[in-house]
Amino acid sequence: MENIMVVPTTPIEGQQPGTSGLRKKTAEFMQPHFLNNFTQATFKAVGGLTGKILVLGGDGRYFNDKAAQIILKMAAANGLSRLIVGQDVLLSTPAASNLIRQRKADGGIILSASHNPGGPEEDFGMKYNMANGGPATESVTDRILEETRTINFYQIVEAPDLDLSKLGIQQLGQMIAEVVDPVRDYHSLMETLFDFDAIRDLLASGFSITVDAMHAVTGPYAKAILEKDLGAPTGSVLNAVPLSDFGKGHPDPNPVWAKELMGIMFADDAPDFGAAMDGDGDRNMILGRSTYVTPSDSLAVLVANAHFAPGYKGGLAGVARSMPTSRAADRVAEKLGIDAFETPTGWKFFGNLLDAGKVTLCGEESAGTGSDHVREKDGLWAILLWLNILAVRKQPVAQIMEEHWAEYGRNFYSRHDYEGVDAARAKEMISALSGSLDSLPGTKIEGLVIQAADDFSYSDPVDQSVSPNQGVRIMFEGGARIVFRLSGTGTVGATLRVYLERYEDSPELLQQDPQVALAPIIRAAEKIAQIQKYTGRDAPDVKT
Ligand code: G16
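First things first, this report covers the structure right here in the doc. (Residues numbered from 1 in each chain as written. Predicted model: local features only at pLDDT ≥ 70, side-chain atom pairs only at ≥ 80, totals over all residues. Heavy atoms only, no water.)

1. Section: the pattern of salt bridges
Link 1 in the chain: Per the stated rule, a full pass over the model turns up 34 salt bridges.
Link 2 in the chain: Across the pair Glu-446 and Lys-527 runs a salt bridge whose closest N-O atoms are separated by 2.6 Å. In this pair, Glu-446 is assigned in the loop between β20 (444–445) and β21 (448–455) and Lys-527 in helix α17 (residues 519–529), connecting sequence segments 81 residues apart.
Link 3 in the chain: Assessed through its relative accessible area of 27%, Glu-446 is described here as partly exposed. (Salt bridge = Lys/Arg side-chain N within 4 Å of Asp/Glu carboxyl O. Helix = DSSP H or I, 4+ residues; strand = E, 2+ residues; numbered from the N terminus. Buried < 20%, exposed > 50% of the residue type's maximum accessible area, 1.4 Å probe, protein only.)

As structure tokens, this is what we get:
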């Protein structure tokens, strides 16, 4: 029987879980007791581990291996009955969500800072998922934070490290550690949702794809499903080997960070379809030949066409999108006669709607799309749904977009990010803006008239919980909109996000460049929030 050590500790500042768990510089996570404190606080916050089952995995980033050994020894000391862990600590976030659900586990721990870079100088993260497979709700993350403030000991067994490269059962004290193939169960789930034969035929017909795994966790998943099973030629999956520093890249699937893929998709000999996924496999970017599909438009197209895939052939119960996501999906929902919900940013807010069967598809402007098959967004799922739709419609991506806009009109959309700005000044900017909301309606700015302005507050239709202050919204006459919000996933300073949107349905104006179509709204945003005054910046760092 291994020796259980009770180690005295003291609280460490700054263990506040953000939009998606706790994200910090790797060095902060590696300081003595930091990970141990957060882990013990999490175990306490969820009511202890005695007799429970947990899932553990991560995105392959630096320190995942060592963190996993600490967590599993602490789980054993805290009375966990079984830990199901992905081989080599690999599990994409959606695959972890699936395993929690399939194995009826009580929850799971995912070691990832998502799309943030990895390595000793970069970022590390840890998030807790609940028994439904979804991210911890706000009440749980609040309890974790409280526990980190009063923690005075943690428990850990003294034992040699387990070999997590070996599939099968190992024993650690009273706990069973079961090392599983990270891909197998997820692969089976995808087969139940999509017409693999139709996609196989599409790929066999010469339809070419390039999918960028960005040296992160989805490489083995994409290789197994797209290349080995569906028959895409070897090499269709780029950067398929997970590396602890993601090849020094930034595994964020957007036109700025997935530059290599953008180059391929906008070249003369571009493949028919392109896509990228992020560090932990929950985000996606969709491309056609010389065509970039915004995440908001992708959600709308998927809602309009999901019935082409066997898993959704009965139609959708409803659709949900985060508030800053464009309202393109709402237009499709209206036509389909299904409910459309608007939630705060963060996948956790979709959980209740999905569990209650009120929605089938969800999406966010931050490159996340998913459905009720798991309780996380799912990058490879989105790619497979697109491929299934393309296999049925037999049209290029660009034509699908054109036909979509012709039918529903186009919500021109862009997000401007000001990264690493002074956190105190950014907060001042948001509170100045919130303080001025009452005076804004009726104001004319850049030729636009402000109709309404508020700070978004969400009342969950299922449990009636209220989440206030989720982003400042400025609505203009004619339907244009600006949203201002501070990111909850950064690790340095603050990131200001400005979300810009305008609806257009004149056929001759549907093909404009979004930055041109949105120009007056972009100027209005700068003036209304006084971005330059508060951030010292005269242009955003990233426009997506
Ligand atoms: C996380 C959440 C997403 C959310 C995003 C927002 O994404 O899981 O639901 O949309 O954060 O990020 P921010 O607060 O920076 O705007 P991920 O992929 O980082 O887990």
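What follows picks up the thread again.
2. Details of the site of the ligand
Link 1 in the chain: Around the ligand sit 19 residues, and of these Arg-283, Glu-364, Ser-487, Thr-489 and Arg-497 come closest.
Link 2 in the chain: The side chain of Glu-364 places a nitrogen or oxygen atom 2.5 Å from an oxygen atom of the ligand.
Link 3 in the chain: Between the ligand and the protein, one listed contact pairs an oxygen atom with a side-chain N or O atom of Ser-487 at 2.6 Å.
Link 4 in the chain: When the ligand is considered free in solution it has 460 Å² of accessible area, and contact with the protein chains removes 99% of it.
Link 5 in the chain: Here the shell around the ligand is built from residues that sort into one nonpolar, 10 polar and eight charged. (Near = heavy atom within 4 Å. Polar contact = N/O pair within 3.5 Å; in protein donor to acceptor, adjacent residues only side chain to side chain. Areas by Shrake-Rupley, 256 points an atom, 1.4 Å probe, with all protein chains shown as cover. Nonpolar A, V, L, I, M, F, W, Y, C, P; charged D, E, K, R; others polar.)

3. Here's the deal with the sheet that holds strand β4 (residues 82–90)
Link 1 in the chain: The strand order β2-β6-β5-β3-β4-β9-β8 describes an open sheet built from seven strands, whose pairing is mixed. Looking at the sheet topology across the chains shown, the edges are occupied by β2 (22–25) and β8 (168–172). When strand polarity is set aside, the average angle formed by the axes of neighbouring strands in this sheet is 20°.
Link 2 in the chain: Two strands pair when backbone bridges link them, and strand β3 (residues 53–58) and strand β5 (residues 107–111) are joined in this way by five bridges, in the parallel orientation. By the bridge assignment for β5, Leu-56 is matched with Ile-109.
Link 3 in the chain: Strands in contact with helix α3 (residues 64–77) are β3, β4, β5, β6 (123–129), β8 and β9 (175–180); relative to β5, the strand with the most contacts, it is inclined by about 155°. (Pairing = 2+ DSSP bridges. Axes fitted to C-alpha atoms, helices over the stretch in contact; angles between N-to-C directions. Contact = heavy atoms within 4.5 Å.)

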